[in-house]
Amino acid sequence: VPRRYAQCACISRAFRGQREALRRAEARTALAAAVPLPVAAAIEAVLWSTESRDGYARSTRRIVFALRRNDQLRRRVLDGSLTPTALATLDEEALAPPAVAQRRADDRSRLAKRVGARPSTLPEVDAFECPRCGARRAYVANATHGGSVDRAHILARCLECGRGWAP
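For clarity, every value in this text was computed on a predicted model and none was experimentally measured.

Q: Help me understand the overall build of the protein chain in this model?
A: Within the protein chain, the secondary structure is distributed over 7 helices and 4 strands. Taken over 167 residues, the protein chain has a buried fraction of 26%. Put simply, 41% of the contacts in the protein chain that link residues at least 6 apart link residues at least 24 apart. Entry remark: accessible area of the protein chain is about 11000 Å², with carbon and sulfur atoms responsible for 53%.

In structure tokens form, the structure reads like this:
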């Protein structure tokens, strides 16, 4: 709202209404690039009614991105087996294309194997907090640089997410 009009409540409401209409029209146009206009309008209406202002833009971008790249998801939306309401509630994992979802699952299982394969000789402590996930369970090891005992460091690895760090 221009500063000179900010004092008048009715003009301020009119500008806000125009901004919201423009935002909704842009979202509908972006969705219509991925699916037919009636379906795009239905998805946009559900997002508008269920999300906050910030969440609306984020959810719209997320769904447009997914509909453009995930053929299976687009087919489900077009044949009606996935309603706009159900589409709005899907998380990133459900919106991802099958190849991406499989790669993420492989990464998670590889990380779980790496984290779970803790050497039995290393002690598990709860003295350090993981900088990534905030967990307090980690195993620790002493490390020396170049064989120099006087420059020893403690290294920790989180048992929850696998992140390694020097506390």
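Q: So what exactly am I meant to see when it comes to the nonpolar core here?
A: Looking at soluble globular proteins, one finds that nonpolar side chains tend to be buried together. Within the largest apolar cluster, 20 residues are counted, with the highest numbers of intra-cluster contacts made by Leu31, Ile43, Ile63, Leu67, Leu73, Val77 and Leu87. At the level of elements, helix 1 (9–32), helix 2 (37–50), helix 3 (53–69), helix 4 (71–79) and helix 5 (84–89) are the ones that each hand at least two residues to this core. Every residue in contact with Ile63, bar those within four places of it in the chain, is listed here: Leu31, Ile43, Leu47, Leu87 and Ala88.

Criteria and cut-off values
Along every chain, residues carry numbers that run from 1 in the direction the sequence is written. In keeping with the predicted nature of the model, local features appear solely for residues at pLDDT of at least 70, side-chain atom pairs appear and are counted solely at 80 or more, and the whole-chain, interface and lining totals rest on all residues. By convention in this description, side-chain values take in all heavy atoms of the structure and omit both hydrogens and water. Secondary structure follows DSSP: runs of H or I at least 4 residues long count as helices, runs of E at least 2 residues long count as strands, and numbering of each begins at the N terminus. Classification of residues uses two cut-offs on accessible area relative to the type maximum, computed with a 1.4 Å probe and protein chains only: under 20% is buried, over 50% is exposed, and between them is partly exposed. Two residues qualify as a contact provided that any one of their heavy atoms is within 4.5 Å of a heavy atom in the partner residue. Throughout, the Shrake-Rupley method with a 1.4 Å probe supplies accessible areas, and for residues the shown protein chains are the sole cover considered. Note on terminology: a nonpolar core comprises buried Ala, Val, Leu, Ile, Met, Phe, Trp, Tyr and Cys residues joined through side-chain atoms within 4.5 Å.

So, to be careful, I would describe these as geometric facts and stop short of saying anything about function.
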